[in-house]
Every structure is written in structure tokens, then in C-alpha cells.
Amino acid sequence: MSMTAASQGAREGNLGRVAFLDAQNELPMLEVTTPWSTAELYLLGAHVTSFQKRDEPPLLFMSQCSRFVEGQPIRGGIPVIFPWFGPREGMPQHGYARIKSWELKELVHSPDGSVTVRFRFPQCPESLVFPPHTLEYAVTVKDTLKLQFSVTNDSAEEVFTFENCLHCYFQVSDVTAITVAGLKGVRYLDKVARFAEKMEQNDAIRIASEVDRIYLDTTDPIEIADPRLGRRILIEKEGSASTVVWNPWTDKSQQMPDFGNDEYSRMLCVESGNVAANEIRLAPGQTSSLVVNLATRTL
Ligand code: BG6
């Protein structure tokens, strides 16, 4: 679909609407409006920067200091992490999918008013070192936000080994006032303690210092309870064995040039994917699908 045709074709009426805008730094962005919600999606990184239900505060945190530049990650929203998680020598942290522009493959307007935006990742020099593969990402905007990230190994004989992660930044009232449930009894790597292996003891995790944890072998949903906002955030996932919980707290916030010094207090990342020992080894001809559904309820 060409951008011009799509922008001329913005829908009206009961169906969801999509408008094309030149947004931050004139980067192309889709503004989606449905009967329940609004969302903003950049082609850069296939990045969802906003989702907001009517009469609710935004679901996603966005840094006021974020850069919007091809080749650099957007700080906030939902970065798409692929094909590796974390640092890799001589290569960009968290892979290249979040710092390159994706193609818009299709817009689907459902009769119920929901809108699905389908992206496809174009080949790039970095992707050519891996077995041939197809990378697609579908974002469905309705009363929930549904994310479907799929990788197909197009090789006839090679296994494709990769990590993936949908790195959701949630907006919260005050990070010290929320609880995170759903991880009790799960083994994790504590990145703040040099990757020490630990076991989560708490029914409800509280944040009172820097937190950077990779929870392994866990497929359970997560619930963030935010009493001051009167809101619960429900994170359900399929095709994901890892959950990452991250808050940079004070010192790390100051070290990040694209993040405000005090912004750590209004956000928490709960990321769903397959990282570290949960990396995916995808057989030839197979498709791996990571699905995350984000919903909110009153508390
Ligand atoms: C998290 C990692 O997923 O992302 C952290 O566990 C990292 O270690 C954070 O600091 C942010 O990464 P980046 O590359 O977006 O600054």
C-alpha cells in the first residue's frame, strides 16, 4: 500500500480510522482511532508510541527526551527487540529491528471497529548474515492492544537461532506505589547483581531500587496494580518463555541521554519474549509467533 493512497483513504464512520502524519522529525506515523481507543505507530521500528483507551490515562510511557531518528531507538512505547536481546559486540544493543524503518504491508478494518496494522521488515545488510527469514508484526487496536510478532525461517536446511522481545514501557502513577504479580516461584537472572541466578519469592513485587531481571521459563500473565490510578494492567502472552522487568531508577536514568532524570518514577517495563536460555531455535520452514495482549481494568 502506498502512503499517499492510504492517507487519502482514511476511513470514516463506525469503522476504525487511520490517518498518516508526518510526526516527530517528520517521521511517518499512523494515527489509529477506534470506538474504544487511539494509538500511534511509527514505521521506524514498527514502534507503538501510544495507546490510550477513552476516559483513561495513556497505557504506555514515552520519554519527553526520546530521539526520533532513524538508526536510534525510540525511548518508550513498545520497542521491537530482534534478533538479539542486550548488547552484542560491534552491533546495536537489542538488535536492529527497532532502529530501522519497517514497511506497511496491510491495514485491516474489522466490522467491529478494530484496526490491525501489519508491518513487514525489509531485508537489510544486517539481516543477510542470518538464514533467510520473513519478519512480520501485526498490531491490533481495539479495547485492548494486541501485538503479534512472527518470524518464518525460509531456509531449506539451516536452523535460525534468535531472541525476541516486545519491550513494553507502561505508564504508572508512581513506580514505588505499584505491585507486579505473576512471577512468584520463577527463576531469574538479576542483571543488577551480575546476572546472579535467583528465585522470585514475592506474590507481588514492589520497586524501590534499580530493577533489571530476566525471568526464565515463564508463560504466565502479569498484572500491574496501580492503586493511585485505580487501574490494573493485564499482560497476557503466547509463544513467550521469558519476562523481563526493568526500571533504571536514579543513577541509570541520569546516564541515559534520551531519558529524563526523574522519569523512572512514572514507568515500568514488563517485556515479553524469548531471551537468554529461552532463545528460539527455529527449524527450516517453521514459523515462530509471539503474541502479547495488553488490557486494562479498574482496580
Ligand atoms: C532492558 C534491559 O530490556 O532494556 C536493560 O534488560 C536495558 O538492561 C534496558 O538497560 C534498556 O535498553 P536500551 O538499549 O533501550 O537503553
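Since we're looking at a predicted model, the values are computed, not measured.

Trainee: Please provide a residue-by-residue account of the nonpolar core, values included.
Mentor: In this structure, Y137 and L147 are the most contacted members of the largest nonpolar core, which totals 73 residues. Leaving out residues up to four positions away in the same chain, Y137 has contacts with A46, V48, I78, V80, W102, V117, R118, F119, L147, Q148, F149 and L166.

Trainee: Talk me through the pairing of strand β8 (residues 133-141); I want residue IDs and the actual numbers.
Mentor: Most of β8 is tucked away: seven of the nine residues are buried. As defined by bridge partners, strand β7 (residues 115-120) adjoins β8 across six bridges and the pair is classed as antiparallel. Bridging across to β8, F119 finds its partner in Y137. Where β8 lies against strand β9 (residues 145-153), nine bridges are found, and the strand directions are antiparallel. By the bridge assignment for β9, Y137 is matched with F149.

Trainee: Describe the sheet that holds strand β14 (residues 196-199), and please don't skip the residues or the numbers.
Mentor: If you walk across this open sheet you meet the seven strands as β5-β11-β20-β19-β16-β13-β14, and the pairing is antiparallel. Every interior strand has two partners, whereas the edge strands, β5 (80-81) and β14, have only one. Bridge count between β5 and strand β11 (residues 164-171): two bridges; the pairing is antiparallel. When the bridges of β11 are listed, I81 appears paired with C165.

Trainee: Explain the site of the ligand to me, and be specific about the residues and the numbers.
Mentor: Near the ligand you find R75, F85, Q93, H94, R98, H167, K191, D212, V244, W246, K252 and E271, and these make up its full shell. One of the side-chain N or O atoms of R98 is found 2.8 Å from an oxygen atom in the ligand. Contact distances for the ligand include 2.7 Å between an oxygen atom and a side-chain N or O atom of K252. Contact with the protein chains covers 90% of the free accessible surface of the ligand, which is 390 Å². Per-class residue counts for the shell around the ligand are three nonpolar, three polar and six charged.

Trainee: Got a sec to walk through the sheet that holds strand β12 (residues 179-181)? Specific residues and values, please.
Mentor: Spatially, nine strands are ordered β6-β7-β8-β9-β22-β18-β17-β12-β15 in an open sheet, and the strand pairing comes out antiparallel. In this open sheet, the two strands that pair with only one neighbour each are β6 (103-109) and β15 (204-205).

Trainee: An account of the environment of S63 is requested, with residue identities and associated values reported.
Mentor: In this fold, S63 is placed in the loop between β4 (47-53) and β5. Judged by its relative accessible area of 5%, S63 is buried. Taking C-alpha positions, S63 is 9.3 Å from M267, a pair spaced 204 residues apart along the chain. Apart from residues no more than four positions distant in its own chain, S63 is found in contact with R75, D258, F259, G260 and E263. A polar contact is formed between the side chain of S63 and the side chain of E263, at a distance of 2.6 Å.

Trainee: How would you summarise the pairing of strand β17 (residues 222-226) if you had to cite specific residues and measurements?
Mentor: Extensive coverage of β17 is indicated by the burial of four of its five residues. Where β12 lies against β17, three bridges are found, and the strand directions are antiparallel. By the bridge assignment, T179 is partnered in β17 with A225. Two elements, β17 and strand β18 (residues 231-238), share five bridges in a ladder whose sense is antiparallel. Each residue of the ladder has a partner; that of D226, found in β18, is R231. Taking the residues between adjacent antiparallel strands as the criterion, β17 and β18 are bridged by four residues, where G230 takes a positive phi near 65°.

Trainee: Could you give an account of the environment of V32, naming the residues involved and the relevant values?
Mentor: Along the chain, V32 falls in strand β2 (residues 28-33). In sequence terms V32 and F51 are 19 residues apart; their C-alpha atoms lie 9.2 Å from each other.

Trainee: Explain the packing of aromatic side chains to me, and be specific about the residues and the numbers.
Mentor: Here the structure, examined in full by the defined rule, presents 17 aromatic pairs. The interplanar angle of 85° and the centroid separation of 6.1 Å between the aromatic rings of Y169 and W246 together place this pair among those described as edge-to-face. Of this pair, Y169 sits in strand β11 while W246 sits in strand β19 (residues 242-247), and the two are 77 residues apart along the sequence. Among the aromatic residues, ring-to-ring pairing joins F82, W84, Y96, W102, F119, F121, F130, Y137, F149, F160 and F162 into one connected group.

Trainee: I'd like to hear about unusual backbone geometry, residue by residue, with values.
Mentor: P83 follows F82 through a cis peptide bond whose omega is -5°. Summarising the element assignment, P83 is placed in the loop between β5 and β6. Positioned with a positive phi, F195 is a non-glycine residue whose angle comes to about 65°. Relative to the elements of secondary structure, F195 occurs in the loop between β13 (187-190) and β14. In this structure, W249 is a non-glycine residue whose phi angle is positive, near 60°.

Calculation rules
- Position numbers for residues count from 1 along each chain, tracking the sequence in the order it is written.
- Local features in this predicted model are restricted to residues of pLDDT 70 or higher, and side-chain atom pairs are both shown and tallied only at a pLDDT of 80 or more, whereas totals for entire chains, interfaces and linings draw on every residue.
- As a rule here, side-chain values cover all heavy atoms of the structure and leave hydrogens and water aside.
- We call a set of buried Ala, Val, Leu, Ile, Met, Phe, Trp, Tyr and Cys residues a nonpolar core when their side-chain atoms join them within 4.5 Å.
- Exposure is judged per residue with a 1.4 Å probe applied to protein chains only, and the accessible area is read against the type maximum: over 50% gives exposed, under 20% gives buried, and values in between give partly exposed.
- Throughout, a residue-residue contact means that at least one pair of heavy atoms, one from each residue, lies within 4.5 Å.
- Strands are runs of DSSP state E lasting at least two residues, helices are runs of H or I lasting at least four, and both sets are numbered from the N terminus onward.
- Here the rule is simple: two strands pair whenever DSSP picks up at least two bridges between them.
- The criterion for a residue being near a molecule or strand is simple. One of its heavy atoms has to lie within 4 Å of it.
- A 3.5 Å cut-off defines polar contacts: any pair of N or O atoms within that distance qualifies, except that in protein one atom must be a possible hydrogen donor and the other a possible acceptor, and neighbouring residues in sequence count only when both atoms are side-chain atoms.
- The method behind every accessible area is Shrake-Rupley, applied with a 1.4 Å probe, and residues are considered shielded solely by the protein chains displayed.
- Gly falls in the polar group here, along with every residue not listed as nonpolar (Ala, Val, Leu, Ile, Met, Phe, Trp, Tyr, Cys, Pro) or charged (Asp, Glu, Lys, Arg).
- In this analysis, rings of Phe, Tyr and Trp, with Trp reduced to its six-membered ring, are considered paired at centre separations within 6.5 Å, and the interplanar angle assigns stacked below 30 degrees, edge-to-face beyond 60, and tilted for intermediate values.

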